[in-house]
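# Fold and geometry: a report
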Amino acid sequence: PFRAAARIADIGVSEILQIGARAAAMRREGHNVIILGAGEPDFDTPDPVKEAAFRAMRRGETKYTALDGSAAMKEAVREKFRRDNGLDFSTGEISVSAGAKQVIFNAFMATLDPGDEVIVPTPYWTSYADMIRIAGGVPVLVACDAANGFRLTAASLERAITPATRWLMLNSPSNPTGAAYSEADYRPLLDMLLNHPHVWLLADDIYEHIVYDGFRFVTPAALEPAIRDRILTVNGVSKAYAMTGWRIGYGAGPATLIKAMSVVQSQSTSNPSSISQAAAIEALTGSQDYLVERRDSFRIRRDLIVDGLNAIDGIDCPCPQGAFYTFASCAGMLGRTTPQGRKIESDRDFCAYLLTEARVAVVPGSAFGASPFFRISYATSQEELREALTRIAAACAALA
Ligand code: PLP
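Residues numbered from 1 in each chain as written. Predicted model: local features only at pLDDT ≥ 70, side-chain atom pairs only at ≥ 80, totals over all residues.

## Points about the sheet that holds strand 7 (residues 231-236)
Keep this limit in mind: Strands were regarded as paired on the criterion that DSSP finds at least two bridges between them. Numbering goes from the N terminus for both helices and strands, where a helix is a DSSP run of H or I of at least four residues and a strand is a run of E of at least two. Axes here refer to lines fitted to C-alpha atoms; in helices the fit is confined to the stretch in contact. Angles between the N-to-C directions go from 0 to 180 degrees.
On the basis of which strands lie adjacent, the open sheet formed by 7 strands has the order 2-8-7-6-5-3-4 and mixed pairing. Each end of this open sheet is capped by a strand with a single partner; those strands are strand 2 (94-97) and strand 4 (138-143). Across the sheet, the mean angle from the axis of one strand to that of its neighbour is 20°, orientation sign disregarded. Relative to strand 6 (residues 200-204), strand 5 (residues 165-171) runs parallel, the two sharing 5 bridges.

See the structure below:
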């Protein structure tokens, strides 16, 4: 009989994927379900990016490339960091992989021994904790208050640090909350890291370009050069350039770490797709003009969702600074009873009710380690968002 390895035995399929599968099954049965679950922009990959891929194929760039990114790809990443973040990296300090996800996975595989701890502020992108576990490490989940905008405080960080801490994981703007760290938000955390030289920082900047209301995105490596030699800055083209399927992400950090990460990659996937690298070079070095248009479009949709949710009695939705998610409290719904006589006892119950009653798929906060909340991904059309809000409001009004 089949026996799964211990390292994955306790790791389930992501709840987000499960909800997506249930919603898709309902659609197949003929129900009109609105899915606000996926973390994926609804825009198409820009045409110049696609053209660059065609050109690369015609040039014959269909072979293995250098293990952790072609020279041209690394040069494009260097240019990106100089232009957007004022950071100068050498090519030996850059690693390119099949998505930001693989960059993070490589980093944990390359650095974690059994029992090593990684501090993960919650709510968090679920993959962090599971990747840490697969690598043999221990995720140390630290609750962050909604009242503090779901941001980690220096006091909580200090309490979580032990001699076994290897990494602090930060994600700004955040999936699932949309909360972002300003320079002032980062400062006390970076000061804390200055005092704890054994703790490294992994900064997941994947939502860098999706920020609103003039929020100034900053990245820790640019803010605190004194700890740059223990920061891995992770980013990618999936979210900003609507390139989730192309699978290109990159990391920049100390050459010793980058080299160890390339060992992991050399024995798993080798280089990321040559064609995708050519496309990503165009995305990173070509015109960036459409980023602003897309950001404006996301902001309009954010406002629509935030206002619509807050108009519903029992829902409280803070206004996110970035990404394309809202993370609203459904505390006011707990204890209410559905028309079928079932009591809503948790955010999971609430989301299950929305799926069956309103035919709207959203993800419970419990999937991200924080209850009672629910996440909406608003990267879909305004028309669909309006319809979803109408349905959610009606379903909530039907609760007694
Ligand atoms: N980091 C965060 C916070 C994310 O939400 C995602 C995707 O959902 C990723 C990283 C991974 O992006 P990719 O592997 O597509 O680059």
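From this point, the narrative continues.
## Regarding helix 3 (residues 47-58)
In plain terms, the rule: What a helix should span is 1.5 Å times the count of its residues minus one. The exposure label follows from counting other C-beta atoms within 10 Å of a residue's C-beta, where the C-beta atoms are placed from the backbone and the thresholds are 20 or more for buried and 12 or fewer for exposed, leaving partly exposed in between. This arc describes the spread of directions from the helix axis toward the C-beta atoms. Contact between two residues is assigned whenever their backbone-derived C-beta positions fall within 7 Å.
End to end, helix 3 covers 17 Å across 12 residues, agreeing with the expected 16 Å (1.5 Å per residue, within 8%). Turning to helix 3, its buried residues are Val49, Ala52, Ala53 and Ala56. For helix 3, the angular spread of buried residues about the axis comes to 100°, placing them on one side. Seen from the buried face of helix 3, the exposed residues on the opposite side, beyond 90 degrees, are Asp47, Phe54 and Arg58. Residues of helix 3 that are buried sit in contact with helix 11 (274-285).

## Things to note about the pairing of strand 5
Quick note on the threshold: Place the viewer so that the strands point away; then a crossover is right-handed whenever the path from the first strand over the helix to the second strand goes clockwise.
Burial runs high along strand 5: 6 of the 7 residues are buried. With 3 bridges connecting them, strand 3 (residues 117-122) and strand 5 associate as parallel partners. Within strand 5, the residue paired with Ile119 across the bridge is Leu168. Handedness of the strand 5-helix 8 (residues 183-194)-strand 6 crossover: right-handed.

## Concerning the nonpolar core
Put simply, the rule is: For this analysis, nonpolar core means a set of buried Ala, Val, Leu, Ile, Met, Phe, Trp, Tyr and Cys residues linked through C-beta atoms within 7 Å. An automatic or database domain assignment is the source of the domain bounds shown.
Membership of the largest hydrophobic core comes to 122 residues, with the highest contact counts inside it found for Leu202, Leu354 and Val360. Among the elements that take part in this core, helix 5 (residues 100-111) stands out by supplying 7 residues, more than any other. Domain assignment of the residues forming this core places at least three in each of domain 1 (6-44 + 290-397) and domain 2 (62-285). When neighbours within four sequence positions are excluded, Leu202 is seen to be in contact with Ile104, Ala107, Trp167, Met169, Leu232 and Val234.

## Considerations on the packing of helix 13 (residues 347-358) against helix 14 (residues 382-397)
Describing two packed helices takes the angle between their axes plus the distance from one axis to the other. Put simply, the test is: Note that the term roughly parallel is reserved for angles under 35 degrees, roughly antiparallel for angles over 145, roughly perpendicular for angles of 65 to 115, and oblique for everything else. Polar here means any residue other than Ala, Val, Leu, Ile, Met, Phe, Trp, Tyr, Cys and Pro, which are nonpolar, and Asp, Glu, Lys and Arg, which are charged; Gly is therefore polar.
Running from N to C, helix 13 and helix 14 point in directions that differ by 110°, and their axes come no closer than 10 Å. Classified by the interaxial angle, the pair formed by helix 13 and helix 14 is roughly perpendicular. Residue-level contacts link Tyr353, Leu354, Glu357 and Ala358 of helix 13 to Arg391, Ile392, Ala394 and Ala395 of helix 14. Tallied by class, residues from the contact of helix 13 with helix 14 come to 6 nonpolar, no polar and 2 charged.

## Here we look at the sheet that holds strand 9 (residues 325-329)
With antiparallel pairing, the 3 strands of this open sheet are ordered in space as 9-12-11. With partners counted over all chains shown, the strands left at the sheet margins are strand 9 and strand 11 (363-364), one partner each. Here strand 9 pairs with strand 12 (residues 373-377) via 5 bridges, running antiparallel. Note on strand 12: the bridge partner recorded for Thr326 is Ile376.

## Topic: the UniProt feature "domain: Aminotransferase class I/classII large" (unreviewed entry) in the protein chain
For clarity, the threshold we go by: UniProt positions are given in the numbering used here, feature names are shortened, and annotations may be inferred rather than shown by experiment.
The sites that carry the UniProt feature "domain: Aminotransferase class I/classII large" (unreviewed entry) are, in the present numbering, residues 32-392. Taken end to end, residues 32-392 is 39% helix and 15% strand, and its first and last C-alpha atoms sit 14 Å apart.

## Structural notes on the confidence of the model for the protein chain
As a reminder of what qualifies: Values of pLDDT, the confidence the predictor places in each residue, fall between 0 and 100.
Averaged over the protein chain, the pLDDT score is 96; the fraction of residues at 70 or greater is 100%. Reported confidence for the predicted complex is 0.99 by ipTM and 0.96 by pTM.

## Focus on unusual backbone geometry
With omega at 20°, the peptide bond leading from Asn175 into Pro176 counts as cis. Here Pro176 is to be found in the loop between strand 5 and helix 8. In this chain, Ser371 is followed by Pro372 through a cis amide linkage whose omega measures -10°. Mapped onto the elements, Pro372 comes out in the loop between strand 11 and strand 12. The phi dihedral of Asp213 is positive, around 55°, even though this residue is not glycine. With respect to the helices and strands, Asp213 occurs in the loop between strand 6 and helix 9 (220-223). Residue Asp213 is classed as exposed on the basis of its 10 C-beta neighbours within 10 Å.

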